[in-house]
Amino acid sequence: LAGSSCVRLVEQHRSAWCFALLVLGYLLYLVFGAVVFSSVELPYEDLLRQELGKLKQRFLEEHACLSEQQLEQFLMRVLEASNYGVSVLSNASGNWNWDFTSSLFFASTVLSTTGYGHTVPLSDGGKAFCIIYSVIGIPFTLLFLTAVVQRIIVYVTRRPVLYFHIRWGFSKQIVAIIHAIVLGFITVSCFFLIPAAIFSVLEDDWNFLESFYFCFISLSTIGLGDYVPGEGYNQKFRELYKIGITCYLLLGLIAMLVVLETFCELHELKKFRKLFYVKKDKEEDQVHIMEHDQLSFSSISDQAASMKDDQKANEPFVTSQSPTSNDSSLNN
């Protein structure tokens, strides 16, 4: 009896139990990521700190006329300028952060919420305009991307799946799964593998792994900013290169959304997501159905009445009989 009551209790609150497991799993995943990142990156940070400390001590020993306080003030100012995208190195003096192409690239990263952070507004007016521009532009970008993805997915996902299902008689669920896998492979090839190979050639300091890392960080809108293309010294065709990267980011983001929407439409994923949703009450569903039926019935009756009026208006040779004539005919 106790076992059956427990099973009945679990079945009655199945959605709540699934949601609790989802929250617990997410927290454990966060802790797992923190442990792995800490164990992997902490030794490298320690080595870098020791190396910088040795370089600083050696520089002070070679330049006895410079005090440690003066050196730290200079380094603080340099680091502050570097956070705003301005470098004091001689090989970086030719690259401007706020020419038209760089500003276009910055605007695209802001509206797509990628935000590399390598270039930020310097003036108060620029910061204020960035707030207003983002408040209007980010919802506008979401509307634009939603409209584009909604049209693309009809021709890329729904019609091909329906074609193979109707024309060849395959199961719709199996066709949808195979189509999603093929579409994901094509997207990874066209927007991750091939661009990573191109970036590894165009960027002198990037290998293939770093280039693939940049593509993933960018198209997933994480945007850490540790790798930004087109910032090298004497970059050839820098303006055209920046415009091409901007187009790549927009097209890649659209492709990623199409793939995600395609996977979200799979029947298996829909059933899996429903495990964590709150079920609607039957009373709310009944009220919704009654309201829908009333609206549909009223709309049908109004439509029928309007059709009758149109028919009467379109019959010029049929005259309506008066009530008196009807009464006299009945008396006769």
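This text goes with the structure placed above it.
The structure displayed is predicted, hence computed values, not measured ones.

K.L.:
Looking at this structure, how should I read helix 4 (residues 100-111)?
P.N.:
Every α-helix winds through 3.6 residues per turn, so residues three or four apart in the chain are directed the same way. An ideal rise of 1.5 Å per residue puts 16 Å on twelve residues; helix 4 measures up with 16 Å between its terminal C-alpha atoms. For helix 4, the tally of buried residues reaches nine of twelve residues, placing the bulk of the element in the interior. Every buried residue belonging to helix 4 is among T101, S102, F105, F106, A107, S108, T109, V110 and L111, and all of these are buried. The elements touched by buried residues of helix 4 are helix 5 (124-167) and helix 8 (238-264). Of the residues flanking the end of helix 4, it is T113, one or two places downstream, whose phi is positive at about 60 degrees.

K.L.:
Help me understand the packing of aromatic side chains in this model?
P.N.:
Note on aromatic pairs: each is described by the distance of the centres and the angle between the planes. Inspection of every chain in the model, using the stated rule, returns 14 aromatic pairs. Measuring from centroid to centroid gives 5.0 Å for W98 and F106, while their planes differ by 75 degrees, and the two rings are edge-to-face.

K.L.:
Help me out: how do you make sense of the nonpolar core in this one?
P.N.:
Generally speaking, a soluble globular protein has its nonpolar side chains buried in company with each other. Counting 14 residues, the largest nonpolar core has F199, C215 and L249 as the members making the most contacts within it. For this core, the elements supplying multiple residues, two or more each, are helix 6 (172-202), helix 7 (208-219) and helix 8. In terms of residue count, the dominant contributor to this core is helix 8 (four residues). Excluding its chain neighbours within four sequence positions, the residues that come into contact with C215 are F191, F192, P195, A196, F199 and Y248. Among the nonpolar cores identified, the runner-up in size contains seven residues, and L145, I254, V258 and V259 belong to it.

Criteria and thresholds
Residues numbered from 1 in each chain as written. Predicted model: local features only at pLDDT ≥ 70, side-chain atom pairs only at ≥ 80, totals over all residues. Heavy atoms only, no water. Helix = DSSP H or I, 4+ residues; strand = E, 2+ residues; numbered from the N terminus. Expected span 1.5 Å × (residues − 1). Buried < 20%, exposed > 50% of the residue type's maximum accessible area, 1.4 Å probe, protein only. Contact = heavy atoms within 4.5 Å. Phe/Tyr/Trp six-rings, centres within 6.5 Å; stacked < 30°, edge-to-face > 60°. Core = buried A, V, L, I, M, F, W, Y, C linked by side-chain atoms within 4.5 Å.

That's the geometry; what it means functionally is another story.
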